[in-house]
Amino acid sequence: MAFLADALSRMKPSATIAVAQKARELQAKGRNVISLGAGEPDFDTPDNIKQAAIDAINRGETKYTPVSGIPALREAIARKFKRENDLDYDASQVIVGTGGKQILFNALMATVNPGDEVIIPAPYWVSYPEMVALFGGTNVFVSTKQENNFKLTAADLEAAITPKTKWLIFNSPSNPSGAAYSHDELKALTDVLVKYPNVWILTDDMYEHLTFDDFKFATPVQVEPRLYDRTLTMNGVSKAYAMTGWRIGYAAGPKELIKAMDAIQSQQTSGTSSISQWAAVEALNGPQDFIEKNKKIFQGRRDLVVSMLNQASGISCPVPEGAFYVYPSCAGLIGKTAPSGKVMETDEDFVTELLESEGVAVVHGSAFGLGPNFRISYATSETLLEEACMRIQRFCAACK
Ligand SMILES: Cc1ncc(COP(=O)(O)O)c(C=O)c1O
């Protein structure tokens, strides 16, 4: 009898974490490695948020909380949805979890039966298909095109819907492509979705506050209120407030679904850290100037990276609207020989050779379901980004 559960054979560990690990190993051996694999802001959590956590400890807010979150946080989240997205949710329609990741996990665990289909536009965040597979669901990947800035078209969405479709998982701005959908682009998709009342929409708005130029963020249910009864809107404080380690994510949606997620969480974690929850109350209710400041910094980095990558021979990099990732194509290098003598046949070969040759760690596009591309996270200093892009240019020039 096998010791490990069958479910594990349906799931693979995170490729992005594997790249970070490989970079660390090389660094430990004394190599000068620039790691552009991690998906977290390099800034520190703002002081007012840290102070709120310290105050919570000193007040003795150190006990179990209600499973779905402390009332002050659920109310702050409901207010956030009204203030920023013009969405009406009662605090009872809100659940707080241990990061956005757990919210997604619990939502899928609460709803996916074997054989249910989940539509996932590619490239996608690595965790979605693994979670769906873990619960016995069937992933239906819909490829997007670089010339369309990696955005799902209405026709491709409609063609993917079947009577078995349970969810569309929708992520804008996107990890890994940085693509963000405008109001009109969303409308084209929601016009399709209103026609299929059995399809639910799981929107991952984690990068809402990281959009550039004059881009105006919108979330699908805001564009099409008729989707309200079948949309779970997920968000969190990890990326917007540089709070990845605090582990706070949240979602709002129909009460029945929130209740089911609460039931799962009650047998799983009993809810997330009380101290982190008080910190998140301050993040959402306190001053928001941190967000604007960061956006400017990220936009400068994006412009630097896009421009330098487009000067590397064989690489073409679209300009993303948001998040802190770029997703350039390395198609021009496939079939070429790296300085080591190896012929690069896939984007995974490309990133392996780049790491070996120049000590730059990026993640191959095939991990995100669309290639030949690679993902760069530009959540690091301009100095390091400039050096990394210079090394990428040198590497590409050396490939024959
Ligand atoms: C698209 C996307 N969704 C969700 C998450 C999860 O965020 P959290 O750290 O809050 O679990 C991430 C984190 O990398 C992400 O990139």
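Owing to the predicted nature of the structure, the values given are computational and were not obtained by experimental measurement.

K.L.:
Run through the nonpolar core, naming residues and quoting values.
P.N.:
Leu108, Leu202, Leu232, Leu309, Ile315, Phe350 and Ile376 are the most contacted members of the largest nonpolar core, which has 82 residues in total. For this core, the element with the most residues is helix H12 (residues 289-309), which contributes seven residues. Two domains share this core, each providing at least three of its residues, namely domain 1 (6-44 + 290-398) and domain 2 (63-285). When neighbours within four sequence positions are excluded, Phe350 is seen to be in contact with Ile315, Cys330, Leu333, Met344, Phe374, Phe395 and Cys396. By size, the runner-up hydrophobic cluster in this structure holds 27 residues, among which are Phe81, Leu87, Ala240 and Tyr241.

K.L.:
Would you mind going over the side chain of Arg301 in detail, with residue names and values included?
P.N.:
On the secondary structure map, Arg301 appears in helix H12. In contact with Arg301, other than residues within four places in its own chain, are Asp42, Phe43, Tyr378, Ala379, Thr380, Ser381, Glu382 and Leu385.

K.L.:
Describe the packing of aromatic side chains, and please don't skip the residues or the numbers.
P.N.:
Going through the model one piece at a time under the given rule, you end up with 19 aromatic pairs. With centroids separated by 5.3 Å and ring planes inclined at 80°, the aromatic side chains of Phe150 and Tyr327 adopt a geometry described as edge-to-face. With a gap of 177 residues between them, Phe150 in the loop between strand E4 (138-143) and helix H7 (154-160) and Tyr327 in the loop between strand E9 (325-326) and helix H13 (347-358) connect regions that are remote in the sequence. Taking 5.7 Å as the distance between ring centres and 70° as the angle between the ring planes, the aromatic pair formed by Phe350 and Phe395 counts as edge-to-face. Here Phe350 is found in helix H13, whereas its partner Phe395 is found in helix H14 (residues 382-398), with 45 residues between them in sequence. Judged on exposure class, the residue Phe350 and its partner Phe395 are both buried. Through a chain of ring-to-ring contacts, the aromatic side chains of Phe43, Tyr207, Phe290, Phe298, Phe324, Tyr325 and Tyr378 assemble into a single cluster. Positioned above the aromatic ring of Trp278, the side-chain terminus of Arg59 is 4.9 Å from the ring centre.

K.L.:
Can you explain the site of the ligand? Please cite residues and give values.
P.N.:
Contacts to the ligand come from 13 residues, most closely from Asn175, Asp204, Tyr207, Ser238 and Lys239. The contact in question runs from an oxygen atom of the ligand to an N or O atom on the backbone of Gly100, over 2.8 Å. Between the ligand and the protein, one listed contact pairs an oxygen atom with a backbone N or O atom of Lys101 at 3.0 Å. When residues of the shell around the ligand are assigned to their parent elements, the largest contribution, three residues, is made by helix H5 (residues 99-111).

K.L.:
Hey, could you go over the sheet that holds E9 for me, with residue numbers and the actual values?
P.N.:
Pairing is antiparallel across the open sheet formed by three strands, whose spatial order is E9-E12-E11. With one partner strand each, in any of the chains shown, E9 and strand E11 (363-364) form the two edges of the open sheet. Relative to strand E12 (residues 374-377), E11 runs antiparallel, the two sharing two bridges. In the sheet register, Val363 faces E12, and the bridge partner there is Arg375.

K.L.:
Please give an account of the environment of Lys295 that cites residues and values.
P.N.:
Position of Lys295 relative to the elements: it lies in helix H12. Each C-alpha atom, one on Lys295 and one on Gly322, is 9.3 Å from the other, the two residues being 27 residues apart in sequence. Not counting the four nearest positions on each side in its chain, Lys295 is found in contact with His209, Leu210, Thr211 and Phe212.

About the criteria used
- Residues numbered from 1 in each chain as written.
- Predicted model: local features only at pLDDT ≥ 70, side-chain atom pairs only at ≥ 80, totals over all residues.
- Heavy atoms only, no water.
- Core = buried A, V, L, I, M, F, W, Y, C linked by side-chain atoms within 4.5 Å.
- Buried < 20%, exposed > 50% of the residue type's maximum accessible area, 1.4 Å probe, protein only.
- Helix = DSSP H or I, 4+ residues; strand = E, 2+ residues; numbered from the N terminus.
- Domains from an automatic or database assignment.
- Contact = heavy atoms within 4.5 Å.
- Phe/Tyr/Trp six-rings, centres within 6.5 Å; stacked < 30°, edge-to-face > 60°.
- Lys NZ or Arg CZ within 6 Å of the ring centre and 35° of its normal.
- Near = heavy atom within 4 Å.
- Polar contact = N/O pair within 3.5 Å; in protein donor to acceptor, adjacent residues only side chain to side chain.
- Pairing = 2+ DSSP bridges.

Coordinates in, geometry out; function isn't part of it.
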